[in-house]
Structures are given as structure tokens and as C-alpha cells.
Amino acid sequence: MHERPAILGGKPAFRELIDIVRPGLPPLEKLRDAFSEVLENGKITNNSRFVRRFEQVISEHVDTPAAAVANGTLGLMLLLKALGRGGEVVMPSFTFPATAHAARWCGMAVRFADIDPETWNLSPEAAARACGPDTVAIMGVHVFGVPCDVDALSEVARRAGVPLLFDAAHAFGATYRGRAVGGLGQGEVFSFHATKILGVGEGGAVTTADPAWLDLVKAGRNFGLDKSGDCADAGLNAKMSELFAIIGLTVLETFTERLAQRRRVGVLLRERIGKLAGLTLQRIPESCESTHQNFAVLVDATAFGLARDELHAAMTAENVMTRKYFHPALHTMSCYRGEAAQDDLAETERVAERVLCFPIYSDMTDLEVNILVGALERIHADRGAVRARLREKR
Ligand code: T4K
């Protein structure tokens with residue numbers, strides 16, 4: 001007889017809970033010299049040597065000038081503030097709240113447009129429909145590290161006469177038609193949160209080829225102070241810490257290898273998990289290289305035999321952390337429900353109601369992949385009994 005899923009009394013797949021994310025932080029000895037230098041000379045913040053070096057290396061990676069910031073959310077706010085006016089920003093609702101919150105904090109309205117049913121990224125057709133006289137920007141999100149349809153969105157933005165921006169929080173290292181994410185929109189924003197592929201703790205970067213925007217972001221991260229000591233606008237304190245920049249520089253030394261490892265793990269998970277009936281993978285267009293920031297599937301309750309939340313409960317019993325990124329969709333959240341015009345967001349709702357993310361790390365071993373997939377297969381094989389047990393528990 002095959003082993004039973006943990007939810008039916010079998011042994012959990014993992015002895016202890018495995019996190020959805022395992023940051024790839026460097027060992028202390030790699031950081032010691034630079035940390036000591038900073039702790040001894042006291043230059044721990046205010047865009048000193050390591051932050052400046054970090055943003056230089058980031059800009060070399062993406063071939064676009066960069067400004068380091070304290071986190072991705074503040075980066076989004078500073079980029080939107082550089083547009084300099086109110087109006088409406090067209091964006092997907094299938095994203096992390098930070099994308100919309102940034103616009104809200106800048107006094108801009110949010111106009112949600114639907115996503116592509118296969119890539120789960122902002123649909124160019126829906127974005128075109130959502131653009132109107134108040135639109136001041138289109139903000140795509142490279143969801144889970146899969147680049148948006150940049151060419152089609154560029155055309156929509158060109159026709160609407162507004163800039164195309166990207167929330168690239170998940171996508172440092174991703175490419176679109178051989179070009180690095182970071183240089184695809186007129187402005188893009190990375191997150192270097194601990195959970196991200198280039199995770200430093202807290203951090204982010206705004207990349208833009210527009211020198212005026214770059215100056216505004218750089219002034220904006222430092223209270224709005226310009227070189228003459230004047231504040232043309234009310235800025236923020238969005239400076240990155242030197243200590244996080246040191247971690248970032250050290251992580252960057254091995255970033256290319258880690259990204260390649262992660263892609264290998266991503267492809268393996270896709271091959272294995274994609275075979276199970278009722279689980280749909282995010283489409284990665286051939287022209288793109290994803291970062292595999294998150295490994296997400298859509299769970300079709302009928303075809304898989306369990307609904308998304310049932311699978312989540314069964315995986316939790318196996319000591320596997322899963323997450324519903326991004327559920328609930330933003331337009332259903334209390335703070336956006338009242339937002340004026342709403343498009344038809346049917347695909348967003350379909351995806352948000354079914355999505356489930358599984359652990360993925362650059363250093364995930366083949367054994368870990370086997371154990372994880374094995375648990376999933378056992379749950380699928382016993383889906384009828386699993387469902388009955390979960391219903392009893394309710
Ligand atoms: N745009 C998009 C599309 C985003 O996804 C995000 C952030 C942003 C913008 C804003 O960027 P930042 O302002 O954050 O730079 C996490 C992150 O806090 C957030 O950065 C991220 N997206 C979002 C998708 O996920 P939680 O609430 O899910 O994290 P938490 O604390 O539950 O941890 C998740 C997993 O990570 C666990 O397995 C534990 C592990 N972990 C977490 C932390 C904080 C670690 O191993 N180490 C850590 O230090 O939000």
C-alpha cells in the first residue's frame with residue numbers, strides 16, 4: 001500500500017515546516033571586513049560608499065542608471081512622485097498591495113485592468129481599455145519574475161501618451177527578448193527584500209534612463225533636498241542602509257550562479273508538478289527568462305479533486321508552507337473596493353481564487369524537490385479521502 005498523506009495520518013513529508021522562501025544570505029566571514037569598516041568609521045547611512053557602489057553594480061547588471069532605496073514600496077512611491085501630478089495609474093489588481101498603495105500615497109487614483117489568462121501579467125488589451133483622459137501612467141508588474149508583454153504594453157502607452165513603468169519587485173535578473181528587466185520601462189522598481197531573489201533584508205532600486213527622473217528619485221529619497229539645499233518637493237527618507245548595501249554587494253558576487261541554480265530548480269518543479277492533472281503553471285513566453293521568484297500553480301478544484309484551500313491545508317500537514325500570493329486581489333480589498341471605475345476583472349478573479357505558491361529556493365536540492373512533489377502526488381492520489389477528512393474537520 002502506498003504511503004498516506006499526513007492529513008490522513010501518514011508521516012509528514014518534512015520533519016519540520018519548510019519555508020516558502022529561503023534567503024541566500026552570505027556567511028558572516030564574507031561580510032566581516034566591510035561591516036568592520038563601516039562600524040569603525042561610522043558611515044552607516046546617507047548614501048555612502050557601499051550604497052553608491054551597490055547602485056553602480058545594479059545599474060551595470062541592468063544596463064540602466066539606478067538609485068538605491070530603502071525598499072521597493074518607497075521606490076514605487078518615489079518613481080510615481082517623479083511624474084509630478086495626480087491622475088490615474090493603470091495597473092493589475094493581481095499584485096502585492098504595495099503596487100497600488102504607492103499610487104495612493106502619491107495622491108493618484110488606481111485603475112485596475114485585467115490580466116492575461118496565461119502569464120497572469122497585465123493584459124495589453126485590458127490596459128488599453130482602461131486608459132482614459134486621466135491616465136498618467138501604466139504600471140505593469142512582472143509577476144513572479146515573468147516579464148510582462150513589454151512590446152505590446154509600450155504600444156498601448158505610446159498611444160495613450162503616458163509613460164510605461166514596471167513594478168519589477170520579483171524580476172531582478174529576468175530578461176525579455178535578451179534585454180534585462182530594469183531597462184524595459186521608462187522607470188522600473190526592484191525589491192531586495194529578504195524574500196526576493198536578490199534578498200538583502202530591506203532594500204530596493206529605481207532604474208530609469210531619464211536623468212531628470214533619476215535626480216528626482218535621488219532627491220526624493222533624501223527628504224527632497226537637491227544639490228543647492230532646496231526642497232522643490234516634499235521628499236521622504238528612503239535611504240538604503242550601508243549594511244544592507246554590503247550584503248547586496250556580496251550576494252551579487254555569486255548572483256549569476258544562484259540565478260542559474262534557481263532556474264534549474266524552477267524548470268524541475270515545472271516538469272514534475274505540471275504533470276499533475278488540474279494544476280496549471282504560469283506561462284513563461286519563449287522570449288523571456290523568468291527569475292522563478294515564486295513557484296505558483298492554479299488549482300482547478302474539479303480536475304485536481306481538491307480546491308486550492310484544501311490543497312493548502314493538506315500541504316501544511318506535510319510541513320510544507322504554501323502561500324496564496326496574490327489573494328485576495330486588490331480590487332476586493334477594503335481600501336480599493338470603492339475605487340471609481342472598475343474594468344471586468346474576470347481573469348484576475350479566476351487566478352486569485354485558484355493560485356497557490358510552493359517553496360522554491362536557489363539551493364533547493366533534488367531530494368527536497370522529490371519529497372515535495374511526492375507529498376503532492378500522495379495528496380492527489382488520495383484526493384477523495386483528503387477532501388472527506390477536511391470536510392469532517394470543518
Ligand atoms: N511589489 C510587489 C509585486 C511585491 O511582491 C512587493 C513585496 C513589493 C512591491 C514591495 O517591495 P518591498 O517594499 O517589500 O521591498 C513578503 C514580503 O514582505 C514582500 O516584500 C513581498 N513583496 C511579498 C510578496 O512577500 P510576507 O508577508 O509574505 O512575508 P513573511 O514575513 O510572511 O515571510 C514569507 C517567507 O519568507 C517565510 O517563508 C519566511 C521567509 N522569510 C521572511 C523574512 C521576512 C525569511 O526567511 N526571512 C525574512 O527575513 O511578505
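Below, the structure is looked at part by part.

Scoring rules and cut-offs
Residues numbered from 1 in each chain as written. Predicted model: local features only at pLDDT ≥ 70, side-chain atom pairs only at ≥ 80, totals over all residues. Heavy atoms only, no water. Helix = DSSP H or I, 4+ residues; strand = E, 2+ residues; numbered from the N terminus. Buried < 20%, exposed > 50% of the residue type's maximum accessible area, 1.4 Å probe, protein only. Contact = heavy atoms within 4.5 Å. Lys, Arg positive; Asp, Glu negative; His and termini not counted. Charge placed at Lys NZ, Arg CZ, Asp CG, Glu CD. Pairing = 2+ DSSP bridges. Axes fitted to C-alpha atoms, helices over the stretch in contact; angles between N-to-C directions. Parallel < 35°, antiparallel > 145°, perpendicular 65-115°, else oblique. Left-handed = near helix turned anticlockwise from the far one by under 90°. Nonpolar A, V, L, I, M, F, W, Y, C, P; charged D, E, K, R; others polar. Phe/Tyr/Trp six-rings, centres within 6.5 Å; stacked < 30°, edge-to-face > 60°. Near = heavy atom within 4 Å. Polar contact = N/O pair within 3.5 Å; in protein donor to acceptor, adjacent residues only side chain to side chain. Areas by Shrake-Rupley, 256 points an atom, 1.4 Å probe, with all protein chains shown as cover. Domains from an automatic or database assignment. Right-handed = clockwise from strand over helix to strand, strands pointing away.

**Considering the overall build of the protein chain**
Within the protein chain, the regular secondary structure consists of 15 helices and 13 strands. In terms of its C-alpha atoms, the protein chain occupies a principal-axis envelope of roughly 75 × 55 × 40 Å. Per-residue burial for the protein chain yields a buried fraction of 55% across its 394 residues. Counting contacts in the protein chain only where the partners sit at least 6 residues apart, residues at least 24 apart contribute 72% of the total. One finds the centroid of the 45 positive side-chain charges in the protein chain at a distance of 4 Å from the centroid of its 49 negative side-chain charges.

**Quick word on the sheet that holds strand β9 (residues 204-207)**
Judged by pairing direction, the sheet is mixed, and its 7 strands sit side by side in the order β1-β9-β8-β5-β4-β2-β3 without closing on themselves. Each of the sheet's edge strands pairs with one partner strand only, and the pair in question is β1 (66-69) and β3 (109-113). Averaged over all neighbouring strand pairs, the angle between strand axes comes to 20 degrees, with direction disregarded. Here 4 bridges tie strand β4 (residues 135-141) to strand β5 (residues 164-167), and the two strands are oriented parallel to one another.

**Observations regarding unusual backbone geometry**
A cis amide bond, omega 0 degrees, links Tyr325 with the succeeding residue Phe326. That bond from His327 to Pro328 is cis: its omega, 0 degrees, falls within 30 degrees of zero. Within the chain, Asn46 stands out as a residue other than glycine whose phi angle is a positive 65 degrees. The topology assignment puts Asn46 in the loop between α1 (28-41) and α2 (49-62). Of note, the phi angle at Arg177 is positive, near 45 degrees, even though the residue is not glycine. Checked against the element boundaries, Arg177 lands in the loop between β6 (175-176) and β7 (179-180). What makes Arg177 exposed here is its relative accessible area of 52%.

**Looking at the packing of helix α9 (residues 255-273) against helix α14 (residues 366-381)**
Packing of α9 against α14 leaves a shortest axis separation of 11 Å and a crossing angle of 25 degrees. Comparing the axis directions of α9 and α14 gives the class roughly parallel. The two elements α9 and α14 cross, and the hand of that crossing is right-handed. Between α9 and α14, the residues in contact are Arg264, Val265, Leu268, Leu269, Arg272 and Ile273 and Asp366, Val369, Asn370, Leu372, Val373, Leu376 and Glu377, respectively. Across the contact of α9 with α14, the residue classes tally to 8 nonpolar, 1 polar and 4 charged.

**Some points on the packing of aromatic side chains**
Summed over all chains, the structure comprises 11 aromatic pairs. With 5.4 Å between their ring centres and 15 degrees between their planes, Phe144 and Phe326 make a pair best called stacked. Linking Phe144 in the loop between β4 and α6 (150-160) with Phe326 in the loop between α11 (308-317) and α12 (334-337), this pair joins segments that are 182 residues apart in sequence. Comparing Phe144 with Phe326, the two get one shared label, buried.

**Regarding the site of the ligand**
Around the ligand, a shell composed of 24 residues is seen, among which Thr73, Asp167, His170, Ser191 and Tyr325 lie nearest. In this structure, Asp167 approaches the ligand through a side-chain N or O atom, which is 2.7 Å from a nitrogen atom. The contact in question runs from a nitrogen atom of the ligand to an N or O atom on the side chain of Lys196, over 3.0 Å. Here the ligand loses 74% of its free accessible area of 920 Å² to cover by the protein chains. Contributions of two or more residues to the shell around the ligand are made by α3 (72-82) and α4 (97-105). Here the residues of the shell around the ligand are counted per class, giving 10 nonpolar, 10 polar and 4 charged. Lining the shell around the ligand are residues from two domains, each supplying at least three of them: domain 1 (6-10 + 255-393) and domain 2 (28-252).

**Describing the pairing of β4**
Judged by how many residues are buried, β4 sits mostly within the fold: 7 of 7 residues are covered. Relative to β4, strand β2 (residues 88-92) runs parallel, the two sharing 3 bridges. Note on β4: the bridge partner recorded for Glu88 is Thr135. Crossover β4 to β5 through α6 is right-handed.

**Details of the sheet that holds strand β10 (residues 279-281)**
An order of β10-β12-β13 is seen for the 3 strands of this open sheet, with the pairing classed as antiparallel. In this open sheet, the two strands that pair with only one neighbour each are β10 and β13 (355-358). Here the strands of the sheet are splayed against their neighbours by 40 degrees on average, with no regard to which way each runs. Of the strand pairs in this sheet, strand β12 (residues 295-299) and β13 are connected by 4 bridges, and their pairing is antiparallel. Among the inter-strand pairings, Phe295 is bridged to a residue of β13, identified as Phe358.

**As for the environment of Val162**
Residue position: Val162 is located in the loop between α6 and β5. Assessed through its relative accessible area of 10%, Val162 is described here as buried.

Remember, this is a structural readout, not a statement about activity or role.
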